[in-house]
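The chain contents come next:
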Amino acid sequence: MKFGKILPAALLGATLLAPLPALAQSAPDAAPAATAQAAALDATAPIAPPALATDAPPATTTIDNPYGLSALWSNGDFIAKGTLLILAIFSASTWYILITKLIEQSQLFRQARQSRSFWTAGSVADGVNTLPVKGAFRAVAVTGVSALEHHEGSLVENIDLNTWITLSIQRTVEQVVSRLQGGLAVLATVGSTAPFIGLFGTVWGIYHALTAIGIAGQASIDKVAGPVGEALIMTALGLATAVPAVLGYNWLVRRNKVAVEAVRGFASDLHSLLLSGKVAGGRTLAAAKPEQPARSLAVVQTA
């Protein structure tokens with residue numbers, strides 16, 4: 001009885017489980033088919049353009065220097081600002097004198113070249129007219145001619161003509177030399193004092209650094225960098241002011257020497273020409289100053 005019931009149940013279970021192997025075998029076959037179908041769909045889909053690479057520069061940020069010259073001026077006390085002003089005035093004076101003296105010397109050298117026409121003129125008056133009106137060489141020539149033509153008067157007559165012309169020309173030459181040397185003393189002063197003024201600013205900056213360390217109680221870099229930076233800036237400004245002054249002074253002195261030699265040579269030649277007896281008005285040396293008789297000395301005898 002029991003066997004008859006179990007056998008139909010077993011047959012029913014076998015019948016239900018029979019399609020499972022077929023399904024298991026068909027599943028691997030269905031996977032390649034699905035993959036092929038997806039590939040076909042991808043092939044028909046539009047192709048997206050490739051993304052273009054852009055070389056965008058990285059963003060940069062500007063950081064203000066907290067230890068620069070502007071910070072030194074804004075954060076410095078009156079002593080630091082006074083030192084900076086002195087160095088600025090020294091530097092401006094140096095460059096102004098350098099430029100003006102170079103222009104003046106260039107004009108004098110050009111006048112020296114133009115003075116060659118003086119010696120090819122027919123007379124002294126014509127030679128004077130060939131010289132520049134406000135030039136040093138014309139001033140020397142006019143002074144010499146005037147000394148020769150106006151050697152008169154009770155006091156001037158006591159000086160011989162040679163000495164009178166020499167003194168007159170020499171005074172004019174010395175005025176030219178004095179004008180050429182004007183401003184050189186400022187360059188010498190700046191060149192000798194500017195490094196020490198910068199050194200004073202350096203010492204003052206180090207003093208502030210030590211003060212900041214003492215107040216903070218620790219030698220951190222942010223407490224020391226500012227005052228030490230001020231000290232280094234002061235040193236650099238002192239040297240930048242002194243070096244052009246020293247170099248410019250030596251250069252201008254050398255050029256002045258060459259210019260003065262040209263003026264003195266012209267004055268010496270003019271002196272010889274005036275004493276030779278040939279002047280603009282045709283006067284001779286004898287006519288200009290006649291020889292005076294010797295004066296007798298009276299001897300007073302006392303009893």
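Now for a quick tour of the structure. (Residues numbered from 1 in each chain as written. Predicted model: local features only at pLDDT ≥ 70, side-chain atom pairs only at ≥ 80, totals over all residues. Heavy atoms only, no water.)

### Side note on the nonpolar core
Link 1 in the chain: One finds Phe-118, Val-140, Ile-169, Phe-266 and Leu-270 to be the most contacted residues of the largest nonpolar core, which totals 27 residues.
Link 2 in the chain: For this core, the secondary structure elements donating two or more residues are helix H5 (124–129), helix H6 (136–149), helix H7 (161–181) and helix H9 (221–275).
Link 3 in the chain: By residue number, the principal contributor to this core is H7, which donates 8 residues.
Link 4 in the chain: Once residues lying within four places of it in the same chain are set aside, the contact partners of Phe-118 are Val-124, Gly-127, Val-128, Thr-130, Leu-131, Ala-141, Phe-266, Leu-270 and Leu-273. (Core = buried A, V, L, I, M, F, W, Y, C linked by side-chain atoms within 4.5 Å. Buried < 20%, exposed > 50% of the residue type's maximum accessible area, 1.4 Å probe, protein only. Helix = DSSP H or I, 4+ residues; strand = E, 2+ residues; numbered from the N terminus. Contact = heavy atoms within 4.5 Å.)

### Quick word on the pattern of salt bridges
Link 1 in the chain: This model, assessed by the stated rule, comprises 3 salt bridges.
Link 2 in the chain: Residue Lys-101 pairs with Glu-104 through a salt bridge whose shortest N-O separation is 3.0 Å. Highlighted residues: Lys-101 and Glu-104, both in helix H4 (residues 78–114), separated by 3 residues, approximately one helical turn.
Link 3 in the chain: For Lys-101, a relative accessible area of 5% translates into the label buried.
Link 4 in the chain: Where salt bridges share partners, they join Lys-101, Glu-104 and Arg-179 into one cluster. (Salt bridge = Lys/Arg side-chain N within 4 Å of Asp/Glu carboxyl O.)

### Structural notes on the packing of aromatic side chains
Link 1 in the chain: In total, this model carries 6 aromatic pairs according to the counting rule given.
Link 2 in the chain: Taken together, a centroid distance of 5.3 Å and an interplanar angle of 80° make the contact between Phe-137 and Phe-266 edge-to-face. One end of the pair, Phe-137, is in helix H6; the other, Phe-266, is in helix H9, and 129 residues separate them in sequence.
Link 3 in the chain: Phe-137 sits in the buried class, given a relative accessible area of 2%.
Link 4 in the chain: The exposure class assigned to Phe-266 is buried, which follows from its relative accessible area of 4%.
Link 5 in the chain: An aromatic cluster is present here, built from Phe-118, Trp-119, Phe-137 and Phe-266 joined pairwise through their rings.
Link 6 in the chain: A cation over a ring is seen here: Arg-171 above Trp-164, with NZ or CZ 5.9 Å from the ring centre. (Phe/Tyr/Trp six-rings, centres within 6.5 Å; stacked < 30°, edge-to-face > 60°. Lys NZ or Arg CZ within 6 Å of the ring centre and 35° of its normal.)

### Notes on the packing of H6 against H7
Link 1 in the chain: At a closest axis distance of 9 Å, the pairing of H6 and H7 adopts a crossing angle of 160°. The angle between H6 and H7 falls in the class roughly antiparallel. Read as a crossing pair, H6 and H7 show a hand that is right-handed. Only Leu-161, Trp-164, Ile-165, Ser-168, Ile-169, Thr-172, Val-173, Val-176 and Arg-179 of H7 make contact with H6, whose side of the interface consists of Ala-136, Ala-139, Val-140, Thr-143, Gly-144, Ala-147 and Leu-148.
Link 2 in the chain: Residue classes in the contact of H6 with H7 are distributed as 11 nonpolar, 4 polar and 1 charged. (Axes fitted to C-alpha atoms, helices over the stretch in contact; angles between N-to-C directions. Parallel < 35°, antiparallel > 145°, perpendicular 65-115°, else oblique. Left-handed = near helix turned anticlockwise from the far one by under 90°. Nonpolar A, V, L, I, M, F, W, Y, C, P; charged D, E, K, R; others polar.)

### Here we look at the packing of H4 against H7
Link 1 in the chain: The interhelical angle for the contact between H4 and H7, taken along N-to-C directions, is 145°, at an axis separation of 10 Å. Residue-level contacts link Lys-101, Glu-104 and Leu-108 of H4 to Arg-179, Leu-180 and Gln-181 of H7.
Link 2 in the chain: A per-class count over the contact of H4 with H7 returns 2 nonpolar, 1 polar and 3 charged.

### A word on the environment of Arg-255
Link 1 in the chain: By secondary structure assignment, the location of Arg-255 is in helix H9.
Link 2 in the chain: We classify Arg-255 as buried; its relative accessible area is 18%.
Link 3 in the chain: Not counting chain neighbours up to four residues away, the residues in contact with Arg-255 comprise Leu-102, Gln-105, Ser-106 and Phe-109.

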